[in-house]
Amino acid sequence: MSDPINSEQNLNTSVTPIEDAVAETGRNRISNLKILKTTWQYMRPYTSRIALASVALILTAGLSLGLVQIIRVIVDSGFVAGSNTSLNGALIGFVAVAIFQAIGTFARFYWVSWLGERVTADIRKSVFARLLRLHPGFFEANLSGEISSRITTDTTLIQTVIGSSVSIALRNLLMLLGGTGFLFITNPRLTSIVLLCIPLVVGPIIFFGKRVRRLSRDSQDEIANVGAYVGEAIQQIKTVQAFNHQRHDKKQFDRHVEAAFAASCRRIYMRSVLITVVMTTVFSALAAMIWVGGQDVIDGRMSAGELTAFVTYAVIVAAAVGAISQVLSELQRAAGAMERLIELLESESAITEPESGGAPLPEPVRGEINLKNLHFCYPTRPESPAVEGLNLIIRPGESLALVGSSGAGKSTLIDLILRFYDPQKGCITLDNIDIKTLHPEALRRHMAVVSQQPALFTGTVLDNIRYSRPGASDEEVRLAAKNAYSEEFISQLPNGFHSHLGEGGVRLSGGQRQRLAIARAILKDPRILLLDEATSALDAESEQKVQLALDHVMRGRTSIVIAHRLATIKNVDRIVLMQRGQIIAEGSHEDLMLNSSLYEKLAKLQFNQD
Ligand SMILES: Nc1ncnc2c1ncn2[C@@H]1O[C@H](COP(=O)(O)OP(=O)(O)OP(=O)(O)O)[C@@H](O)[C@H]1O
Ligand SMILES: [Mg+2]
């Protein structure tokens, strides 16, 4: 469905980085059919429950309609004719129908709500599973807060729709059809009045419904912006406060909240107009009908019971139309939400996994890494290569240091070896197998990385170290901690290894975090060790100790060490000097001092300072 208003919004000038990022995710319109198909995919596993709920639905709708016939008998024979027996009979029927109605309602409500919860849970699970497999670059363009809003608020909308709105719509559709049928049987002439009104009611529903869906998507997008803003501000709360940025942030946030409110208001207004138009039409028709029918009763062409039944059916039909028009806008809202979720579900990872599990690696893995004529630009910066024509062979068991000024491309190289990005040209092999032909999991199984920003997770010390090898025993974890010189500070924590570290390990110092990250890498016992400034946050004494431990761990493994402090890489087999994505010199410390003026300069600056 083409939608000029939405594409116009893409052209809006963005004011904040969050809006930029949100705009970048694009808004490809997804057809209604596709939305239905995808939703059905999630419902299909539960067809037996759907059948059960449908039976209950049809039963209760049928009984409600039948009840009116009993009311007709009660009025005609009981009240008008004054017959006791038929009144009693009719009342017994009434109670019986009511009991069945209660049972049916229970089954319908329970199974339909169950279905809503179940489908939402499944959608949440598959969106998250999809997210975990996406290439890291995806999250540079899509904000985490925005994505979590999709998983929480958007799925909640779908839950409401499947768990109640659809059943309300179907029930009312049955009531509408059944009610109209009975109206025809009872009095065809009066029914034509009802039928005349149908286009008057359906027209506005279609007209306004489309707008509601679009506005609903807008308001969900605004809510997602709010979520993204909160997430970032809270994560960086110390920076926010240190720079006295609260007032500014509050203003920005208020703006997002107000935008969300305004978007909701437009949607609510549309809905209110829709409901008003429908109600007015329906009640005018009802009034016309009662007037015509009343004349018939007065003239004796119709019994009082018949008119009662007729008016009741008319009310049922009117209520059904009202309910459907309300629910339709709910459906439109959910369609907007589903559209966003489908976008996430269909996001393709740029890191493709080979079909049929990928090539096998030799057993055991030797750990030879060969970078052949590597060219790489970050997708967001196609003009400036981060790695350019790089050739490097790292022998099995060799320890190699990468040095070079900031922005030279050292971390990028590690990301390429871990296959977080694919190079545009050239290839990387592990034991002579192109890493693209390996399953990423198989590749990464043999690597452990300590990244430039040590990443800890909410949980205890034990959880965080064991992250790399969930099956490791407590003893093994303790040994790894000892080798990373973390035992001492861990023992001083309130609960030792069981101390909780807070979100992202906030309760630790920078150096402590680094040591836990090193312990985690040591515990994994990998063939290939990738250390990106792993000891940069440590004081000289701890660094020396951790370095000794690392030297020990690196023995016999292929290791790539990035370090700015040249003193920490004295013992490596080879040093590679990088500049602007290229290797400009390599060799031992002594070789480089002789052959590279840049290296000599770096070394002199550092050792003079020491
Ligand atoms: N996600 C990214 N998207 C776009 N460009 C990036 C991204 N990450 C890094 N870059 C750019 O790529 C270049 C190389 O960055 P890289 O992180 O590899 O440098 P580095 O050698 O590790 O530097 P440092 O010593 O400061 O850690 C830099 O110019 C940087 O701006
Ligand atoms: Mg780096």
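Relevant structure appears above.
Here's a quick rundown of the structure. Throughout, a residue's number is its position along its own chain's written sequence, starting from 1. A letter from A marks each chain and a number from 1 marks each ligand, given out in the order of writing. With the structure being a predicted model, the display of local features is reserved for residues of pLDDT at least 70 and the display and counting of side-chain atom pairs for 80 or more, all residues being used for whole-chain, interface and lining totals.

Every C-beta atom is placed from the backbone, and the number of other C-beta atoms within 10 Å of a residue's own sets its class: buried at 20 or more, exposed at 12 or fewer, partly exposed in between. Note on conventions: DSSP H or I runs of at least 4 residues are helices, E runs of at least 2 residues are strands, and numbering of each starts at the N terminus. Among the residues of helix 15 (residues 474-483), those classed as buried are Val477, Arg478, Ala480, Ala481 and Asn483. Taken from the residues just after helix 15, Tyr485 is the one with a positive phi, measuring 50 degrees.

What follows covers the sheet that holds strand 2 (residues 387-394). Hydrogen bonds between backbone groups are what pair the strands of a sheet, and the pairing can be parallel or antiparallel. Strand order across the open sheet formed by four strands is 2-1-4-5, with antiparallel pairing between neighbours. Of all the strands in the sheet, just strand 2 and strand 5 (433-434) have a single pairing partner and so form its edges. Where helix 12 (residues 410-417) meets the sheet, its contacts fall on strand 1 (369-376), strand 2 and strand 4 (425-430), and the angle it forms with strand 1 comes to roughly 115 degrees. At least two bridges found by DSSP between two strands is the condition for calling them paired. Residues are scored as being in contact if the C-beta atoms we place from backbone atoms lie within 7 Å. Each axis is a line fitted through C-alpha atoms, and for a helix only the stretch in contact is used; angles between axes span 0 to 180 degrees, taken between their N-to-C directions.

On to the sheet that holds strand 7 (residues 528-532). On the basis of which strands lie adjacent, the open sheet formed by six strands has the order 6-7-8-3-9-10 and mixed pairing. The sheet is open, and its two borders are formed by strand 6 (447-450) and strand 10 (582-587), each paired with just one other strand. Direction aside, the axes of adjacent strands within the sheet are offset by 20 degrees on average. With five bridges connecting them, strand 9 (residues 574-579) and strand 10 associate as antiparallel partners.

So, on to the site of ligand 1. Should the C-beta atom of a residue, placed from the backbone, lie within 6 Å of a molecule or strand, that residue is near it. In the vicinity of ligand 1, 14 residues are found, and the nearest of them are Tyr378, Ser406, Lys410, Ser411 and Thr412. Element by element, the count of residues in the shell around ligand 1 is highest for helix 12, at three residues. Residues belonging to the shell around ligand 1 are distributed by class as follows: three nonpolar, eight polar and three charged. When residues are grouped by polarity, Ala, Val, Leu, Ile, Met, Phe, Trp, Tyr, Cys and Pro land in nonpolar, Asp, Glu, Lys and Arg in charged, and all others, Gly among them, in polar.

Viewed as axis vectors pointing N to C, helix 3 (residues 32-43) and helix 11 (residues 304-345) meet at an angle of 75 degrees, and their least axial separation amounts to 10 Å. For the element pair helix 3 / helix 11, the angle class is roughly perpendicular. Residues Asn32, Lys34, Ile35, Thr38 and Thr39 of helix 3 form the contact with helix 11, whose own contacting residues are Ala335, Met338, Glu339 and Ile342. Of the residues belonging to the contact of helix 3 with helix 11, the class tally is four nonpolar, three polar and two charged. We call two directions roughly parallel when the angle between them is under 35 degrees, roughly antiparallel when it is over 145, roughly perpendicular when it lies between 65 and 115, and oblique otherwise.

In this structure, Leu63 sits in helix 4 (residues 47-80). For Leu63, a count of 19 C-beta atoms within 10 Å corresponds to the partly exposed category. Ignoring anything within four residues of it in the chain, the contact list for Leu63 reads Val97, Phe100, Gln101 and Gly104.

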